[in-house]
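# Structural overview for review
Residues per chain are reported as follows:
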Amino acid sequence: MAINIRYLSNMNGIPRLESNSVAVNTTNVVFTFTNPGPRFNNEYNGLVLLKFNQIIPTGTTGTLPILINNQAITTYNGAALTVTAFKGTGIYLAYYDSGSKTLQIID
């Protein structure tokens with residue numbers, strides 16, 4: 001019996017989101033992404049491409065966590081993605097798990 005691959009993958013492709021601004025606050029750094037809309041909702045689980053267009057200003061505290069809109073970003077072992085760990089502008093591959101509301105950068 002053949003396995004229909006369409007049931008094993010996202011038929012609409014990998015969602016691509018792009019930042020349009022960055023703000024440094026006392027407790028975090030927030031990248032604003034245009035219309036994340038249905039991408040981070042109760043029904044989506046899967047890969048996401050994130051394009052960060054802005055640099056974090058020089059002198060920003062390295063331990064501040066980075067968020068997309070109000071969504072925390074994690075790395076391995078559930079650690080927060082911090083300014084120090086952020087590699088700069090460019091495209092990042094991430095995984096979103098709607099059950100745990102986790103967005104994890106895949107390094």
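Placed above this text is the structure.
Quick summary incoming for the structure in this document. (Residues numbered from 1 in each chain as written. Predicted model: local features only at pLDDT ≥ 70, side-chain atom pairs only at ≥ 80, totals over all residues. Heavy atoms only, no water.)

### Topic: the pairing of strand β3 (residues 45-52)
Applied cut-off: Two strands qualify as a pair provided that DSSP identifies no fewer than 2 bridges between them. Secondary structure elements follow DSSP: runs of H or I no shorter than four residues count as helices, runs of E no shorter than two count as strands, and numbering proceeds from the N terminus.
As paired strands, strand β1 (residues 16-24) and β3 are joined by three bridges and run parallel to one another. Note on β3: the bridge partner recorded for Arg16 is Leu49.

### Structural notes on the sheet that holds strand β6 (residues 90-97)
Applicable threshold: Lines are fitted to the C-alpha atoms to define the axes, a helix being fitted only along its stretch in contact, and any angle between axes, read from their N-to-C directions, falls within 0 to 180 degrees.
Reading around the circumference, β1-β2-β4-β5-β7-β6-β3 is the order of the seven strands in this closed barrel, with mixed pairing throughout. Taking the axes of each pair of neighbouring strands and ignoring which way they run, one obtains an average angle of 40° across the sheet. Relative to strand β7 (residues 102-105), strand β5 (residues 71-74) is paired through two bridges, and the arrangement is parallel. Note that in β7 the partner of Ile73 across the bridge is Leu103.

### Some thoughts on the pattern of salt bridges
Stated precisely, the cut-off is as follows: The salt bridge criterion pairs a side-chain nitrogen of Lys or Arg with a carboxyl oxygen of Asp or Glu, the two atoms within 4 Å. A simple rule labels every residue: compare its accessible area, found with a 1.4 Å probe on the protein chains alone, to the largest value its type can have, and call it buried under 20%, exposed over 50%, or partly exposed in between.
All chains considered together, the criterion is met by two salt bridges. Of the charged contacts in the structure, one is a salt bridge between Glu18 and Lys51, with a shortest N-O distance of 4.0 Å. With Glu18 in strand β1 and Lys51 in strand β3, this pair connects stretches of sequence that are 33 residues apart. A residue is classified by how much of its surface remains accessible, and Glu18, at 38% relative accessible area, is partly exposed. For Lys51, a relative accessible area of 35% translates into the label partly exposed. Between Lys87 and Asp107 there is a salt bridge, with the nearest N and O atoms lying 2.8 Å from each other.

### Let's talk about a nonpolar patch on the surface
Keep this limit in mind: Patch criteria: residues need more than 30% relative accessible area and no salt bridge. Like-charged residues are merged within 9 Å; nonpolar side chains of Val, Leu, Ile, Met, Phe, Trp and Tyr are merged within 5 Å. Only the protein chains shown count as cover for residues, with accessible areas throughout obtained via the Shrake-Rupley method and a probe of 1.4 Å.
A cluster of nonpolar residues, Ile14, Leu47, Tyr76, Leu93, Tyr95 and Ile106, forms a patch on the protein surface that exposes about 480 Å² of accessible area. Of note, Ile106 is situated in the segment after β7.

### Here's the deal with the environment of Ile91
Note on placement: Ile91 falls in strand β6. Along the chain, Ile91 and Asn53 lie 38 residues apart, while their C-alpha atoms are 8.7 Å from each other.

### Examining the side chain of Gln54
Rule in force here: Whenever two N or O atoms come within 3.5 Å, that pair is a polar contact, provided that in protein one can donate a hydrogen and the other can accept it, and provided that, for residues adjacent in sequence, both atoms are side-chain atoms. By definition in these notes, contact holds between two residues if any of their heavy atoms fall within 4.5 Å.
Locating Gln54 in the fold gives a position in the loop between β3 and β4 (66-68). The class of Gln54 is buried, set by a relative accessible area of 18%. Among the polar contacts listed, one links the side chain of Gln54 to the side chain of Ser19, at a separation of 2.6 Å. Of note is the side chain of Gln54, whose polar atom sits 3.4 Å from the backbone oxygen of Asn20. In contact with Gln54, not counting residues within four places along its chain, are Ser19, Asn20, Ser21, Val22, Phe31 and Thr89.

### Digging into the environment of Thr34
With respect to the helices and strands, Thr34 occurs in the loop between β2 (29-33) and β3. On the accessibility criterion, Thr34 (43% relative accessible area) is partly exposed. For the pair formed by Thr34 and Asn20, sequence separation is 14 residues and the distance between their alpha carbons is 6.6 Å. Apart from the residues lying within four places of it in its own chain, the contact partners of Thr34 are Glu18 and Asn20.

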